[in-house]
Amino acid sequence: MLLINNVYSGYADSIVLHGISLRVDKNSIVGIIGRNGVGKTTLLKTILGIVKIKMGEIWFEEKLINSLKPYERAELGIGYVPQGRGIFPQLTVAENLLIMDKNVKNRIEEVFTLFPKLKVLMKRKGGSLSGGEQQQLAIARALIKTPKLLILDEPTEGIQPSVVETIVSALYEIKKRGISVLIVEQNLDLLLEIGDYYYFLDSGHVVDEGVINEESYPTMCRLLMV
Ligand SMILES: Nc1ncnc2c1ncn2[C@@H]1O[C@H](COP(=O)(O)OP(=O)(O)OP(=O)(O)O)[C@@H](O)[C@H]1O
């Protein structure tokens, strides 16, 4: 569904991604791993059209999307939950969920089945929620737009274990509903639980990739530690 072929991108004259190729198949959860500053967020932003691609191709559902604007990519079905969540602190949970489109009211109940806590918090201001609650809100907001591919940037960063479990269960369910997931994640236990395939990035290159399972798990841990 998503195919990235030999992509170069970066900021002004500095190139961060040096010929990245990867794919996310339908009905799969793909993890991007790598140490700090290797280009993981830049890769996500390049897929979303926030960072301009310099060379290479990005295909989404058999359509070349290199020159599409971020909102056009969202309309095609690419949802995004940024690092830091990007929720509006002054708006209530309900307003945050409806901010993009008032016609999605009927989808809210469906999203509450994944994150029941949000239903209780409907009238609370986004800024008054805990980090874990904000993360659930950010994922719920992306899901309300019924994406085909959900892109998440370190959703469990700084979040307590019980909420990590809620996010893991939600990702399971999201996959069951036919939504593919591309996730930057340092929590390898989470990836082992739900991930299908990983790409390991170093200095803007994919230097290792493979199926995620008990056999590949020690390799993934070693790659992150070296
Ligand atoms: N807006 C920007 N302008 C210029 N350089 C940037 C910008 N954003 C990121 N960079 C640089 O691009 C490189 C890759 O950063 P990126 O945020 O993609 O890495 P990352 O792997 O996501 O790191 P982290 O795990 O710390 O979030 C870094 O050297 C960073 O300093």
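Rules of the game
- Residues numbered from 1 in each chain as written.
- Predicted model: local features only at pLDDT ≥ 70, side-chain atom pairs only at ≥ 80, totals over all residues.
- Heavy atoms only, no water.
- Helix = DSSP H or I, 4+ residues; strand = E, 2+ residues; numbered from the N terminus.
- Contact = heavy atoms within 4.5 Å.
- Buried < 20%, exposed > 50% of the residue type's maximum accessible area, 1.4 Å probe, protein only.
- Near = heavy atom within 4 Å.
- Polar contact = N/O pair within 3.5 Å; in protein donor to acceptor, adjacent residues only side chain to side chain.
- Areas by Shrake-Rupley, 256 points an atom, 1.4 Å probe, with all protein chains shown as cover.
- Nonpolar A, V, L, I, M, F, W, Y, C, P; charged D, E, K, R; others polar.
- Expected span 1.5 Å × (residues − 1).
- Arc of directions from axis to C-beta.
- Salt bridge = Lys/Arg side-chain N within 4 Å of Asp/Glu carboxyl O.

Colleague: Describe the environment of Leu98, and please don't skip the residues or the numbers.
Modeller: For Leu98, the position within the fold is in helix α3 (residues 93-98). The spatial distance from the C-alpha of Leu98 to the C-alpha of Lys145 is 9.9 Å, given a sequence separation of 47 residues. Those residues within four positions of Leu98 in sequence are excluded, and the remaining contacts are Val104, Lys105 and Ile108.

Colleague: Got a sec to walk through unusual backbone geometry? Specific residues and values, please.
Modeller: For Asn6, which is not glycine, the phi dihedral falls at a positive 55°. When you line up the elements, Asn6 lands in strand β1 (residues 2-11). Located in the positive-phi region is Thr146, a residue other than glycine, with phi close to 45°. Along the chain, Thr146 falls in the loop between α6 (131-144) and β7 (149-153). When its relative accessible area of 47% is taken as the criterion, Thr146 is described as partly exposed.

Colleague: Give me the lowdown on the site of the ligand, citing residues and values where you can.
Modeller: Taken together, Tyr11, Val16, Arg35, Asn36, Gly37, Val38, Gly39, Lys40, Thr41, Thr42, Gln83 and Glu154 make up the full set of residues adjacent to the ligand. A distance of 2.8 Å separates an oxygen atom of the ligand from a polar backbone atom of Thr41. A distance of 2.5 Å is found between an oxygen atom of the ligand and a side-chain nitrogen or oxygen belonging to Thr42. Isolated, the ligand exposes 640 Å² of accessible area, and the fraction of that covered by the protein chains is 56%. The greatest single-element share of the shell around the ligand, amounting to three residues, is contributed by helix α1 (residues 40-48). Of the residues belonging to the shell around the ligand, the class tally is three nonpolar, six polar and three charged.

Colleague: Describe in detail helix α7 (residues 161-176), supporting the description with residues and values.
Modeller: If you check α7, its first and last C-alpha atoms are 23 Å apart, about what 16 residues at 1.5 Å a residue would give, namely 22 Å. Residues of α7 that are buried: Val163, Val164, Ile167, Val168, Ala170, Leu171 and Ile174. Viewed along the axis of α7, the buried residues span an arc of 165°, placing them on a single side of the element. Among the exposed residues of α7, those pointing more than 90 degrees away from its buried face are Pro161 and Lys176.

Colleague: Requested: an account of the pattern of salt bridges, with residues and values cited.
Modeller: Scanning the model with the defined rule gives ten salt bridges in all. Arg107 is the partner of Glu110 in a salt bridge, and the nearest nitrogen-oxygen pair spans 2.9 Å. With Glu110 and Arg107 both in helix α4 (residues 105-114), this residue pair falls three residues apart, about one helical turn. We classify Glu110 as partly exposed; its relative accessible area is 37%. Ionic pairing is found between Asp196 and Lys175, a salt bridge with its closest N-O pair at 3.0 Å. Separated by 21 residues along the polypeptide, Asp196 in the loop between α8 (188-194) and β9 (197-202) and Lys175 in helix α7 bring together distant segments of the chain. Ionic contacts of the salt-bridge type, sharing partners, join the residues Arg107, Glu110, Glu173, Lys176 and Arg177 into one network.

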